[in-house]
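Below are the chains, spelled out letter by letter.
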Amino acid sequence: MTAPTTRSRRFIAIPLGMAMATALAFLPNVSASAAPADSAADVAKQISAEATPLSYVVNVRSGHGVSSQVKKAIAKAGGTIVTSYDRIGVIVVHSSNADFAKTIRKVHGVQSAGSTRTAPLPAQSTTDVGTPKTLTADEIADVEAAAGQDPLEPLQWDLPAIKADKAHEKTLGSKKVTVAVIDTGVDDTHPDIAPNFDRKASVNCVSGKPDTTDGAWRPSAAESPHGTHVAGEIAAAKNGVGVTGVAPGVKVSGIKVSTTAGFFYTEAVVCGFMWAAEHGVDVTNNSYYTDPWYFNCKNDPDQKALVEAISRATRYAEKKGTVNVAAAGNENYDLAADEITDPVSPNDSTPSDRVIDPSECLDIPTQLPGVVTVASTGAKGIKSSFSNHGLGVIDIAAPGGDSTRFQTPAPPATSGLILGPLPGGSWGYMAGTSMASPHVAGVAALIKSTHPRASAALVKALLYAEADATPCTDPYDIDGDGKIDAVCEGSKNRNGFYGWGTADALDAVTK
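The rules behind these values
- Each chain carries its own residue numbering, running from 1 in the written order of its sequence.
- The model is predicted, so local features are restricted to residues of pLDDT at least 70 and side-chain atom pairs to those at 80 or more, both for listing and for counting; the totals for chains, interfaces and linings are taken over all residues.
- In computing side-chain values, all of the structure's heavy atoms are included and hydrogens and water are not.
- Criterion for a salt bridge: a side-chain nitrogen of Lys or Arg within 4 Å of a carboxyl oxygen of Asp or Glu.
- Numbering of helices and strands starts at the N terminus; helices are DSSP runs of H or I of at least 4 residues and strands are runs of E of at least 2.
- Residue exposure (1.4 Å probe, protein chains only): buried if accessible area is under 20% of the type maximum, exposed if over 50%, otherwise partly exposed.
- Only strands that DSSP links by at least two bridges are regarded as paired with each other.
- Any two residues having at least one pair of non-hydrogen atoms within 4.5 Å are treated as being in contact.
- Throughout, an axis means a line fitted to C-alpha atoms (over the contacting stretch in the case of helices), and angles, computed between N-to-C directions, take values from 0 to 180 degrees.
- Should an angle fall under 35 degrees it is called roughly parallel, over 145 degrees roughly antiparallel, and 65 to 115 degrees roughly perpendicular, with every other angle called oblique.
- Left-handed is the label given to a crossing in which the near helix is rotated counterclockwise from the far helix by less than a right angle, and right-handed is the label when the rotation is clockwise.
- When the centres of two rings from Phe, Tyr and Trp lie within 6.5 Å, Trp using its six-membered ring, the rings pair. Their planes under 30 degrees apart give stacked, over 60 give edge-to-face, and anything left gives tilted.
- Each nonpolar core is a collection of buried residues, namely Ala, Val, Leu, Ile, Met, Phe, Trp, Tyr and Cys, held together in the definition by side-chain atoms within 4.5 Å.

Caption draft 1: Structural view of the pattern of salt bridges. For the structure shown, the criterion picks out 15 salt bridges. As a salt-bridge pair, arginine 87 and glutamate 278 come within 3.7 Å of each other at their nearest N and O atoms. Residue arginine 87 is found in the loop between β2 (79-85) and β3 (90-95), and its partner glutamate 278 is found in helix α8 (residues 266-278); the two are separated by 191 residues along the sequence. Arginine 87 gets classed as exposed once you look at its relative accessible area, which sits at 56%. The residue arginine 315 makes a salt bridge to glutamate 308 at a minimum N-O spacing of 3.9 Å. For arginine 315, a relative accessible area of 43% gives the class partly exposed. Shared partners join several salt bridges into a network, and the residues in it are Asp188, Arg199, Asp214 and Arg218.

So, in structure tokens, the structure goes:
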């Protein structure tokens, strides 16, 4: 087994100009460094005596519970049911039988089944890549906020980029609207997040089964700050402290789905969507891809089962009124291409290059039907150097940051990255489609605040209709070296870089 690496890959190190699958926070002109890999002893400790080797999802007919025949077959094949989501027909199972999936697929009533990982179930690992870098007291003191602004708001070029500052003059959003951050955990004690935190809609879903222990949704000190940063981008309170969120008057919850090693496994993601659906969540933000496969190919029985399980969960959530928003990814891939070389899958054991068809092999939940797929823009309003793209795949674009060298913001902002809260009461910069997605989730929350009776489908329709049409950037030579870095296809009103356009928070509260 190789040492695990952090997989919330929707935010990246800048200014490299290349996507990196790392969990990094930033300050201007400061590089984040990688932590050393686990030693053999550390890896050995991850396989605890209490853990079972592999986790599976077994998909059966929805709405009828687990039949006695299937229960008996699971037990006979060496499986133990962890939990089942009867409304969508997804069963989470642990088994040490290497042939469990192959055996259970032959059982009458089983529609598909597959392992959610390729390596044994780890214990809670403390490995993380990158050390967060926070704003210092001196840097905070140097910021001069105008009347009505939170202290660090002048550094947030991303708010005026989507007219959120103007929207806030109309409304901050409704307390009756909740956005769930399905992520690495949220520090609800942060002064920017605490005023708007929805505890009842928060949970730990890492095992695939909801853990409602108080504070279980929080990241440990060793875990990624990713979810906390995302939550602040969406709903940091306008309270005279730190930064301001896109929708600073709505509620935000934390649904923790990643292991401390940073893996987002299917059973946890399914649990997250189901929890959101059953607890009145209006919008979910998903700034990750589901491990261990970057793309899940439906001609592979294991991967097919994972796509089916999460598809059922996202569809169920949308039927319950939830708008699901997801990041497009950071590899500068054309997701509408005929083929893509995926070099990172499976990322929890031994990855190897494989050529896939992105119309058949899906990045989930990003490419699932009904999910809002978000591309990233920088301070100049053009596609970020790292952002994935693709005509018919990208739905909308929003600020996710970029290298300050590539896209320099107007003063008083100093960094081309996105500023947000970090666990422990501090603030720092991050960048990636991870940061673009919460901007769209925040705008969706403002739309729901303005139209409280709107269905999920209507909120999405308004989101796209109210976006500012953004024409293709042609030619796209982001680093100015004379070489084309990506090709945009489509019209001004819908194209592969920006989808229906750039999110517009002002229209969200006035139309």
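Caption draft 2: Seen up close, the sheet that holds strand β7 (residues 251-256). Pairing is parallel across the open sheet formed by 7 strands, whose spatial order is β6-β7-β5-β8-β10-β14-β15. Here the strands that pair on one side only, and so sit at the sheet edges, are β6 (203-204) and β15 (396-399). The pairing of strand β8 (residues 283-286) with strand β10 (residues 323-327) spans 4 bridges and is classified as parallel. The residue bridging asparagine 285 from the neighbouring strand is valine 325, located in β10. Most of the contacts of helix α10 (residues 433-450) go to strand β14 (residues 372-377), to which it runs at about 120 degrees, and overall it touches β5 (178-183), β8, β10, β14 and β15.

Caption draft 3: Just the packing of α10 against helix α11 (residues 456-465), in detail. The geometry of α10 relative to α11 is characterised by a closest axis approach of 10 Å and an angle of 115 degrees between their N-to-C directions. Considering the angle they form, α10 stands roughly perpendicular to α11. Of the two elements, α10 crosses α11, and the hand of that crossing is right-handed. Across the interface between the two elements, Val440, Val443, Ala444, Ile447 and Lys448 of α10 pack against Val459, Leu462 and Leu463 of α11.

Caption draft 4: Looking closely at helix α7 (residues 226-235). A large share of α7 lies buried, amounting to 10 of its 10 residues. Those residues of α7 that fall on the buried side of the exposure criterion are His226, Gly227, Thr228, His229, Val230, Ala231, Gly232, Glu233, Ile234 and Ala235. Where α7 is buried, its residues contact β5, β7, β8, β16 (418-422), β17 (426-430) and α10.

Caption draft 5: Looking closely at the packing of aromatic side chains. Counted by the stated rule, this structure contains 11 aromatic pairs. When the ring of phenylalanine 263 is compared with that of tyrosine 265, the centres are 5.6 Å apart and the planes differ by 5 degrees; the resulting orientation is stacked. Given the relative accessible area of 2%, phenylalanine 263 is considered buried. Judged by its relative accessible area of 4%, tyrosine 265 falls in the buried class. Look at tyrosine 289 and tyrosine 294: their rings are 4.7 Å apart centre to centre, the planes differ by 25 degrees, and that puts the pair in the stacked class. The buried category is assigned to tyrosine 294, whose relative accessible area is 1%. Grouped by ring-pair contacts, the aromatic residues Tyr289, Tyr294, Phe295 and Tyr333 constitute a single cluster.

Caption draft 6: Seen up close, unusual backbone geometry. Along the chain, isoleucine 364 connects to proline 365 via a cis peptide bond; the corresponding omega equals 10 degrees. Within the fold, proline 365 resides in the loop between β13 (361-362) and β14. Put simply, aspartate 474 and proline 475 share a cis peptide bond, and its omega is 5 degrees. Mapped onto the elements, proline 475 comes out in the loop between α11 and α12 (505-510). In this model, asparagine 332 sits at a positive phi of 55 degrees, which is unusual for a non-glycine residue. Positionally, asparagine 332 belongs in the loop between β10 and β11 (340-342).

Caption draft 7: Molecular detail of the nonpolar core. By size, the foremost hydrophobic cluster in this structure holds 51 residues, and its most contacted members are Val325, Val372, Val374, Ile396, Val440, Val443 and Leu463. Ranked by the residues each element gives to this core, the list is headed by α10, at 9 residues. Each residue touching valine 440, except ones within four places of it in the same chain, is listed here: Val325, Val372, Val374, Ile396, Ala398, Leu463 and Ala503. The next biggest cluster of nonpolar side chains, apart from the first, holds 38 residues, and it includes Ala201, Val269, Ala276 and Ala317.

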